[in-house]
Amino acid sequence: MAELAQQRHGKAKVRVGRVWREGERHAFVEWKVSVLISSSCESSFISADNSAVVATDSIKNTIYVKAKECSSVLSMEEFAILLGEHFVKTYPQVTGSEITIIEKPWEPYRINGKIHHHGFKLGKGSHFCEIQVSKNKPTVVCSGLEGLSVLKTTQSGFEGFVRDNYTLLPEVRERILATEVLSVWCYKSKPSCYNKAFETVKQILLDVFFGPPDAGVYSPSVQNTLYLMGERVLQRLPEIESIKLSMPNLHFIPVNMPKVGVEFNHDVYLPTDEPHGTIEASLTRKNWSRHSKL
Ligand SMILES: O=c1[nH]c(=O)c2[nH]c(=O)[nH]c2[nH]1
């Protein structure tokens, strides 16, 4: 005979994106929420009687319901407390709950000291370079930026694409646009300072992605935004010969579960990394000639 010494169940790593759109500036958080509840449901383990089990699927749904109910911005600690209390208060058989939340450190984008109304950035991105030295060819100098995560909570849509028997995606003029920018550019002449050129390119990419801090700029597709970002770099930095941009479309899926009281109103999202759209392009100057691997 075995003794059931301890048991818990719950749902782990439930991803939630929450946007609050009151006021002129949007607030946004991205959380990964895990819940474990202690409850008297030993009989589920021992004798296959599930009558006391709060399904882990319901636990997951509850996270989205509570995120929806939070009508103004709150800290993850406050959210965890109200979520944990919900399980303990709602179900007589639940004696305890453990809530763990990890928050992605999205921060509002700042342009010249002004806070962007709906643009967010994660980290700074890394600077890298790729140099090719040959005996009988000029040295090729390419620099790059990787891991620059950016997100805007509005001013993005995607319409007018192919609709056929395989299409489910609705056309939208309002969605979250999130990506992690990877870019490599190659020089045709030496800039006065490589580090300064890197900072300028990064600033241009960010400025074109986000648009002005108050109104932003509408993105009709990742493709168009990517092109405009690269084009602006070639316009502003004559020493750059070509630029490649790769921008995954990191989907924020609307959470719409009317049966449990979550009607999507551009507020609660399921953030995803995989699968993601893959959008990439290389831009060169019109009279560009030198061989490059771009
Ligand atoms: O900006 C986008 N470009 C696409 O090619 C695409 N495809 C898709 O499903 N969503 C999007 N969004």
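Parameters and conventions
Residues numbered from 1 in each chain as written. Predicted model: local features only at pLDDT ≥ 70, side-chain atom pairs only at ≥ 80, totals over all residues. Heavy atoms only, no water. UniProt positions renumbered as here; feature names shortened; annotations may be inferred. Helix = DSSP H or I, 4+ residues; strand = E, 2+ residues; numbered from the N terminus. Buried < 20%, exposed > 50% of the residue type's maximum accessible area, 1.4 Å probe, protein only. 1 Å grid on protein atoms, 1.4 Å probe; cavity = no way out; pocket = protein on both sides within 12 Å on 5 of 7 lines; lining within 4 Å. Points joined across faces, edges and corners; volume = space filled by probe spheres on them. Expected span 1.5 Å × (residues − 1). Arc of directions from axis to C-beta. Contact = heavy atoms within 4.5 Å.

If you look the protein up in an unreviewed UniProt entry, it shows as Uricase from Ceratopteris richardii. The UniProt entry for the protein carries the following text under Subcellular location (unreviewed entry): "Peroxisome". Under Pathway (unreviewed entry), UniProt gives the following word-for-word description of the protein: "Purine metabolism; urate degradation; (S)-allantoin from urate: step 1/3."

J.: Break down the environment of I46 for me, citing the residues and quoting the values.
T.: With respect to the secondary-structure elements, I46 resides in helix α1 (residues 42-47). The exposure class assigned to I46 is exposed, which follows from its relative accessible area of 63%. Spatially, the C-alpha atom of I46 lies 31 Å from that of I101, the residues being 55 residues apart in sequence.

J.: Before we move on, can you summarise the layout of surface pockets with the specific residues and values?
T.: The space that makes up the largest pocket amounts to roughly 530 Å³. Along the wall of the largest pocket there are 23 residues; nearest its centre are L169, P170, V172, R175 and H251. Those elements that place two or more of their residues in the lining of the largest pocket are α5 (222-236), β10 (252-254) and β12 (277-284). If one sorts the elements of the lining of the largest pocket by residue count, β10 sits on top with three residues. Size it by volume and the second largest pocket reaches roughly 220 Å³. Contributing to the lining of the second largest pocket are 16 residues, with D207, V208, G211, V217 and R232 lying nearest its centre. Those elements giving two or more residues to the lining of the second largest pocket turn out to be α4 (194-210) and α5. When residues in the lining of the second largest pocket are grouped by element, the largest group, six residues, is from α5.

J.: Tell me about helix α3 (residues 76-90), residues and numbers included.
T.: Helical geometry: 3.6 residues make up each α-helical turn, so side chains three or four residues apart lie on a common side. Between its terminal C-alpha atoms α3 stretches 21 Å, which fits the 21 Å expected from 15 residues at 1.5 Å a residue. Buried within α3 we find F79, A80, L83, G84, H86 and F87. One side of α3 carries all its buried residues, which in axial view fall inside an arc of 150°. Structurally, α3 contributes buried residues whose contacts are with β2 (27-39), α2 (56-69) and β3 (94-103).

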